[in-house]
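# Coordinates in review
So you can see what is in the structure, the chains are spelled out below.
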Amino acid sequence: MQLLFLCMQHDKVLILDFGSQYTQLIARRVRELNIYSEIHPFNKPPKNVDDYKAVILSGSPMSVRSEDAFHPDLSEIRGKKPMLAVCYGAQYLAHFSGGEVAESNTREYGRANLSFVEEDAFFNGISIGSQVWMSHSDTIKSLPTNGKLLASTHDVQNAAFKIEGETTYAIQFHPEVYHSKDGKQLLENFLVNIANVNPDWTPNAFVQETVEDLQAKLGEDKVVLGLSGGVDSSVAAMLLHKAIGKNLYCIFVNNGLLRKNEFSDVLEQYKGMGLNVKGVDASARFLDALAGLSDPEKKRKAIGNAFIEVFDQEAHLIEDVKWLAQGTIYPDVIESVSATGGPSATIKSHHNVGGLPDYMKLKIVEPLRALFKDEVRRVGASMGMDKDLLGRHPFPGPGLAIRILGDITAEKVRILQEVDAVFINGLRDAGLYDKVWQAGAILLPVNSVGVMGDERTYEKCVALRAVESTDGMTADWVNLPYEFLQKTSNDIINKVKGVNRVVYDISSKPPATIEWE
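Presented here is a report on the structure given in the accompanying data block. Owing to the predicted nature of the structure, the values given are computational and were not obtained by experimental measurement. (Residues numbered from 1 in each chain as written. Predicted model: local features only at pLDDT ≥ 70, side-chain atom pairs only at ≥ 80, totals over all residues. Heavy atoms only, no water.)

### Side note on the overall build of the protein chain
For the record, the criterion: By the criteria applied, helices consist of DSSP H or I runs no shorter than four residues and strands consist of E runs no shorter than two, each listed in order from the N terminus. Within these notes, the globule rule equals 2.2 Å times the number of residues to the 0.38 power, and the radius of gyration is based on C-alpha atoms. For every residue, the accessible area (1.4 Å probe, protein chains only) is compared with the maximum for its type, and the residue is labelled buried under 20%, exposed over 50%, or partly exposed between those bounds. Any pair of residues with heavy atoms lying within 4.5 Å of one another is described as a contacting pair.
The helix and strand inventory of the protein chain stands at 13 helices and 18 strands. What you see for the protein chain is a C-alpha radius of gyration of 25 Å, in line with the 24 Å of a compact globule of 517 residues. By its C-alpha atoms, the protein chain is 70 × 65 × 40 Å across when sized along the principal axes. For the protein chain, with 517 residues in total, the buried portion stands at 59%. For the protein chain, contacts bridging at least 24 residues in sequence account for 74% of all contacts bridging at least 6.

### Concerning the pattern of salt bridges
In plain terms, the rule: By definition here, a salt bridge exists when the distance from a side-chain nitrogen of Lys or Arg to a carboxyl oxygen of Asp or Glu is within 4 Å.
Scanning the entire structure with this criterion turns up 26 salt bridges. A salt bridge links glutamate 268 to lysine 271, with the shortest nitrogen-to-oxygen separation between them at 3.4 Å. Note on lysine 271: relative accessible area 60%, which makes it exposed. The residue aspartate 505 makes a salt bridge to arginine 465 at a minimum N-O spacing of 3.2 Å. With aspartate 505 in the segment after β18 (499-504) and arginine 465 in strand β16 (residues 455-468), this residue pair connects regions lying 40 residues apart in the sequence. Note on accessibility: aspartate 505 and arginine 465 belong to one class, buried.

### Things to note about the nonpolar core
Note the following rule: Working definition of a nonpolar core: buried Ala, Val, Leu, Ile, Met, Phe, Trp, Tyr and Cys residues. They are joined through side-chain atoms within 4.5 Å.
Grouped together as the largest cluster of nonpolar side chains are 48 residues, with contacts concentrated most on Val224, Val419, Leu427, Leu480 and Ile492. The element best represented in this core is helix α12 (residues 410-429), accounting for eight residues. Contact partners of leucine 480, with chain neighbours within four places excluded, come to Phe423, Leu427, Leu432, Val436, Ala466, Leu485 and Tyr504. Ranked by size, the runner-up nonpolar core spans 43 residues in total, among them Tyr22, Leu33, Phe123 and Val197.

### Overview of the pairing of strand β11 (residues 248-254)
Counted only if it meets this: Strands are treated as partners if at least two bridges between them are detected by DSSP. Here, the term right-handed applies to a crossover whose path from the first strand over the helix to the second runs clockwise when the strands point away from the viewer.
Within β11, six of the seven residues are buried, leaving the element largely enclosed by the surrounding structure. Here strand β10 (residues 222-227) runs beside β11; their pairing, made up of five bridges, is parallel. Directly across from leucine 225, in β11, lies its bridge partner cysteine 250. Between the parallel pair β10 and β11, the chain is carried across by helix α5 (residues 231-244), and the sense of this crossover is right-handed. Summarising the sheet, β11 and strand β12 (residues 277-281) pair through five bridges and their orientation is parallel. Across the sheet, residue cysteine 250 finds its bridge partner in β12, namely valine 277. In this region the chain leaves β11, passes through helix α6 (residues 262-270) and returns to the parallel neighbour β12; the handedness of that crossover is right-handed.

### Examining the environment of aspartate 200
To keep it simple, the criterion reads: A 3.5 Å cut-off defines polar contacts: any pair of N or O atoms within that distance qualifies, except that in protein one atom must be a possible hydrogen donor and the other a possible acceptor, and neighbouring residues in sequence count only when both atoms are side-chain atoms.
Along the polypeptide, aspartate 200 turns up in the loop between α3 (183-194) and α4 (203-218). In the structure, aspartate 200 is positioned 313 residues away from threonine 513 in sequence and 34 Å away in space, judged by C-alpha atoms. If we skip the residues at most four places from it in the chain, aspartate 200 touches Gln9, His10, Asp11, Asn34 and Ala205. Engagement of the side chain of aspartate 200 in a polar contact is seen with the side chain of histidine 10, the distance being 3.0 Å.

### Points about the sheet that holds β11
Spelled out, the test is: Each axis is a line fitted through C-alpha atoms, and for a helix only the stretch in contact is used; angles between axes span 0 to 180 degrees, taken between their N-to-C directions.
Strand order in the open sheet formed by five strands is β12-β11-β10-β13-β14, and the pairing between neighbours is parallel. Each having just a single partner strand, β12 and β14 (363-365) make up the two edges of the open sheet. Neighbour-to-neighbour, the strand axes of this sheet turn through a mean angle of 30°, independent of strand direction. Judged from the three bridges that link them, strand β13 (residues 321-325) and β14 form a sheet pairing that is parallel. Each residue of the ladder has a partner; that of tryptophan 323, found in β14, is lysine 363.

### Some details on helix α7 (residues 283-290)
We count it as follows: Starting at the helix axis, one direction is taken to each C-beta atom, and the arc is that of these directions.
If you check which residues of α7 are buried, you get Ser283, Phe286 and Leu290. Seen along its axis, α7 keeps its buried residues to an arc of 70°; they face one direction. Contacts from the buried residues of α7 go to β11, β12 and α8 (296-315). Just downstream of α7, glycine 292 is the residue with a positive phi angle, here 80°.

Here it is, written out as C-alpha cells:
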C-alpha cells in the first residue's frame, strides 16, 4: 500500500502482516494511541527498518508447524528493536527458538480471562480476571530459550511471555480485538512505556502533513473529485480544498441507486462549504449497465465501470484536468485485495479500488487511503466540519444495488428507497440513529404470502440491518427495541406498496459481512 506521506518527523511502528483478519485492527489500535503505524507483508518488509521505533508481528491463519509456514527474516529486528509478537508471531518465536508448539486438544477461540499475571511493565494496569480474545488452533507447550512466563488463562498456560535479554514480548491472544478489554492498555504499555514511542500523530498533524503533501504533489494541477454525500468523500474534498482551492472540481453523480431524495438533499448540503460542486444525473446510464446482472461482483464491476465512464466524460469538460480524487479508505483496500500485497485474503471488491483503465488519462489521488472510518471522522472534526455530516452512517459506494439481491430494476429500487426511508427516518425520530454505526434495508429475491384486508398478497420480503462498529472491520448487530421494530415493520408494510413481510438481521461480522452482497 502506498502511503500519502512519510511522517518522517513522527516515531513509526512497523506491523508485519502474516495474513491475519485482525492485522488492520492492530494498526487502528496503535493509531488510537496517536502513534503512526504502517503495515507491510512479512516477506516484503521496508528497506530501512531503522526508520521504525518498534515492530509488531501479526497473527495468521497459517500454522507454524506446517511445511508452508511463513518464515520472516527477523535478523534486523529481534534484539535490535522492541518487538511484540501476536498469536502466530508468538508461536513462531516459540517453535523456532527452542520452545514447542503443538496442536491444541480443543480449538482455543473466543473470550478467556487471565488467571495469572506476572508483575511486569508490560501488564501495568492489567490484572487477573482481565478478558482477552483467543483465536488459534495450535498452542505453545513450552517457552523458547530465555522465555519468561508473564500470563496464563485457565486453558492456555503460556498466554504471554518475554525473552530475557531482549525487548521482545509475545502474547497468544489478540489485544487489537474489541473483546480484549485491556488490549489498548497493553499496547500502550509496550509502545509508550517500554519502546518509548512518542504518541504525537494526531488528526491535526494528519491534516497539516496531508495538505502539505497534496500541495507538493498536485501543484497547480486541476483535480476532479466524485462526491457521494458521505463522510469519506466529504473529508477528502475538504483536505483537497485546503490544499488547492479553486483547482478542485467536485462532481456528485446520481447513479439511480441513492437513498430517497438523496441527490437533491446532498447538493443542498454542500452549499455553504465553499466547494465547487456539479450535480450529474446518470441514473438511466447505471440502470442500463446493471440490466440482467444478478452476481454481486458483476454488479460492483458494472457500477465501477459506469462511474469511471461518467467521470471521464465530465473530466473532458474541465480544461487540463489531470487528477481523479477518491474517498477511498483503508477498509476498502483491505477487503478488495491484500492490504499490502501480503497473504491476506480478498473478501469483496470495491468500486473505487483497483486503478483506472488505460484509456483514462487521469492520475489517482486518495488522501484518506491510509485511514479507518473513525480516523476520517476525527480528521473532519479537526477541520471544523458539521457534526451531522460527520455522523452520517456509512453508505456503500455501489448504493442500493448491493442491497437488492438479484437483478436490478427501477421498480425494485423504488421499493427499497421507500423502505429505507421509513427505517432511517424512524431511527432518527426514535433517537436511535446516533446509537447505530450503520443501518439499511435489503430487498430479498423472494415473495411471500400475506393477507391484507381479507385479500391474499404475494409480495416482497425485506430485511432490516443495524450494526454497531468503529471501523467496519468487525461489527455486532444492534439490539433495537421491540417496540421500534414493531412500529417500523407496520409502517413499511402499510406505506410501501409491494412489501408484505419484514425481518431483522441478527448476524455479526464475522462471520457475516455488514452488507449482504
